[in-house]
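Now for the letters of each chain:
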Amino acid sequence: MTILDGKKVSALVSKRVAQRVKVLQERGISPALAVILVGDDSASQVYVRNKILACKAAGLRSEQVILSANSTQDEVLAVIDNLAARQDIHGILCQLPLPRRINEEAILNAIPPEKDADCFHPVNVGRMSLGTARVLPCTPAGIITLLKEEGVEIAGKNCAVIGRSNIVGKPMAMLLLQENATVTICHSRTRDLPAVTRQADILVSAVGIAKFVTVDMVKDGAVVVDVGMNRDENGKLCGDVVFNAVAPKCSRITPVPGGVGPMTIATLMENTLALAEKRLNI
Ligand code: NAP
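Residues numbered from 1 in each chain as written. Predicted model: local features only at pLDDT ≥ 70, side-chain atom pairs only at ≥ 80, totals over all residues. Heavy atoms only, no water.

Peer 1: What is the right way to look at the overall build of the chain in this model?
Peer 2: Secondary structure summary: the chain contains 10 helices and 11 strands in total. Over its C-alpha atoms the chain spans a radius of gyration of 19 Å, differing by no more than 12% from the 19 Å that the globule rule assigns to 282 residues. The principal-axis extents of the C-alpha atoms in the chain amount to approximately 50 × 40 × 35 Å. Among the 282 residues that make up the chain, the fraction classed as buried is 47%. Considering only intrachain contacts with a sequence separation of at least 6, the fraction spanning at least 24 residues in the chain is 70%. Approximately 13400 Å² of the chain is accessible, and the part contributed by carbon and sulfur atoms is 51%. (Helix = DSSP H or I, 4+ residues; strand = E, 2+ residues; numbered from the N terminus. Rg over C-alpha atoms; globule rule 2.2 N^0.38 Å. Buried < 20%, exposed > 50% of the residue type's maximum accessible area, 1.4 Å probe, protein only. Contact = heavy atoms within 4.5 Å. Areas by Shrake-Rupley, 256 points an atom, 1.4 Å probe, with all protein chains shown as cover.)

Here it is, written out as structure tokens:
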């Protein structure tokens with residue numbers, strides 16, 4: 001069994017981004033990401049801090065806009081309008097979840113597709129489905145990069161994705177399909193889930209329940225990608241997969257932490273750069 005090392009591969013991606021950033025800087029462009037954080041959710045604060053640090057490591061400029069939990073939807077929209085109009089900002093993201101009062105869809109739709117660093121705008125989701133997107137959703141695209149960089153062949157493989165959310169499950173299935181895999185999407189209404197997942201050469205779990213993927217659900221020699229970010233009974237970060245039991249049965253497996261998480265952030269850096277390059281028609 002080999003660990004799919006998201007930390008190592010994300011550092012490689014970040015290095016490549018930094019090299020391309022230099023090319024833009026020589027042309028007078030300094031690619032920049034704006035991150036909007038509404039409220040004081042501690043997990044979101046950590047995610048935003050990590051994104052800002054990753055920008056620094058990749059040579060990207062970043063800007064944080066922190067709004068109070070009492071902010072209105074119009075106030076958030078006004079911030080987005082302002083960032084959308086600025087020439088010196090190339091990517092915008094609004095950290096989710098938003099306070100319940102604010103309509104998430106309205107906020108995501110307000111970020112112009114050409115500055116949509118997360119690839120959540122419907123136009124970009126459509127382009128992704130057509131295979132013509134400039135940027136791809138960070139978590140699934142980061143997983144594809146990790147698999148490719150680690151030499152995992154995807155074409156022709158049976159893949160199962162557990163989860164069908166708009167940000168992970170559905171786009172993950174779409175990107176695997178574009179890599180010529182045969183893909184099954186599983187969800188809470190799937191009948192006999194273990195029977196389905198046991199057919200998978202590549203199993204991606206994006207459920208959000210600790211200890212959800214047990215050893216009986218995994219095919220011998222499978223590649224297992226654990227997207228889950230959960231807390232165990234001791235409050236420690238863990239994935240969906242019972243790692244110690246499942247790992248010996250796999251050919252490759254992502255750890256949590258150190259697997260999908262760093263790849264998600266590295267892809268955000270790639271996306272910001274790609275949006276800046278697109279503006280210059282590079
Ligand atoms: P989500 O929107 O809650 O979706 C969870 C999915 O799991 C749903 O499609 C749900 O099915 C399915 N599910 C729930 N119970 C199930 C069951 N018993 N059997 C089969 N399927 C079941 O979550 P998400 O936003 O996709 O995120 C999933 C996990 O990934 C979370 O832990 C999240 O924190 C993590 N995450 C990690 C990263 C990263 O960078 N590492 C990025 C994003 C998310 P239904 O649709 O039928 O309800």
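Peer 1: Would you take a moment to explain the sheet that holds strand β5 (residues 158-162) for this structure?
Peer 2: By way of backbone hydrogen bonds, the strands of a sheet pair with one another, either parallel or antiparallel. Strands sit in the order β1-β11-β8-β7-β5-β6 across an open sheet of 6 strands; the sheet is parallel. The strands lining the two open edges of the sheet, one partner per strand, are β1 (2-3) and β6 (182-186). Bridge count between β1 and strand β11 (residues 252-253): 2 bridges; the pairing is parallel. Considered in β11, the bridge of T2 is made with R252. (Pairing = 2+ DSSP bridges.)

Peer 1: In this structure, what is going on with the environment of Q64? I would like to understand it.
Peer 2: Mapped onto the elements of the fold, Q64 is located in strand β3 (residues 61-67). Since its relative accessible area comes to 42%, Q64 is described here as partly exposed. Separated by 31 residues in sequence, Q64 and Q95 place their C-alpha atoms 11 Å apart. Here Q64 is in contact with V35, V48 and I52, once residues within four sequence places are set aside.

Peer 1: In this structure, what is going on with the sheet that holds strand β4 (residues 91-94)? I would like to understand it.
Peer 2: Pairing is parallel in the open sheet, where 3 strands are placed in the order β3-β2-β4. Pairing within the sheet leaves two strands with one partner each, and these edge strands are β3 and β4. If you compare each strand with its neighbour and ignore which way they point, the axes differ by 15 degrees on average. Across 7 bridges, the pairing between strand β2 (residues 32-38) and β3 is parallel. (Axes fitted to C-alpha atoms, helices over the stretch in contact; angles between N-to-C directions.)

Peer 1: What is the right way to read the site of the ligand from this model?
Peer 2: In the vicinity of the ligand lie 21 residues, with R164, S165, S188, M229 and T264 positioned nearest. Within the side chain of R164, a nitrogen or oxygen atom sits 2.8 Å from an oxygen atom of the ligand. Between the ligand and S165, the relevant distance is 2.5 Å, taken from an oxygen atom to a side-chain nitrogen or oxygen of the residue. Top contributing element to the shell around the ligand by residue count: helix α10 (residues 260-279), with 3 residues. (Near = heavy atom within 4 Å. Polar contact = N/O pair within 3.5 Å; in protein donor to acceptor, adjacent residues only side chain to side chain.)

Peer 1: So what exactly am I meant to see when it comes to the nonpolar core here?
Peer 2: Inside soluble globular proteins, nonpolar side chains tend to come together where they are buried. Within the largest apolar cluster, 52 residues are counted, with the highest numbers of intra-cluster contacts made by L176, V204 and M269. With 10 residues, the single largest contributor to this core is α10. Beyond its immediate sequence surroundings of up to four residues, L176 is in contact with I144, I154, C159, V161, A181, V183 and V204. In terms of nonpolar packing, the next biggest core, distinct from the first, is built from 17 residues, V38, L83, I89 and I102 among them. (Core = buried A, V, L, I, M, F, W, Y, C linked by side-chain atoms within 4.5 Å.)

Peer 1: Got a minute to help me understand the environment of C238 in this structure?
Peer 2: If you trace the backbone, C238 turns up in strand β10 (residues 237-238). For the pair formed by C238 and G208, sequence separation is 30 residues and the distance between their alpha carbons is 9.7 Å. Filtering out sequence-adjacent residues up to four positions away, C238 remains in contact with A210, G228, M229, N230, R231, D232 and V256.

Peer 1: Explain the environment of M1 here, please?
Peer 2: In this structure, M1 sits in the segment before β1. It is 42 Å that separates the C-alpha atoms of M1 and P99, two residues lying 98 residues apart in sequence. Setting aside anything within four residues of it in sequence, one finds M1 in contact with A247, C250, S251 and I253.

Peer 1: Would you mind going over the pattern of salt bridges with me for this structure?
Peer 2: Any two side chains of opposite charge can pair, on the condition that their charged atoms come close. Scanning the model with the defined rule gives 8 salt bridges in all. Residue E277 is joined to R20 by a salt bridge in which the shortest nitrogen-to-oxygen separation is 2.8 Å. Of this pair, E277 sits in helix α10 while R20 sits in helix α1 (residues 6-26), and the two are 257 residues apart along the sequence. Exposure remark for R20: the relative accessible area of 33% places this residue in the partly exposed category. The partner of E63 in a salt bridge is R86, and the shortest N-O contact between them spans 2.8 Å. Of this pair, E63 sits in strand β3 while R86 sits in the loop between α3 (73-85) and β4, and the two are 23 residues apart along the sequence. What emerges from the salt-bridge pattern is a single network uniting E63, R86 and D88. (Salt bridge = Lys/Arg side-chain N within 4 Å of Asp/Glu carboxyl O.)

Note that all results are geometric; they support no functional claim without further evidence.
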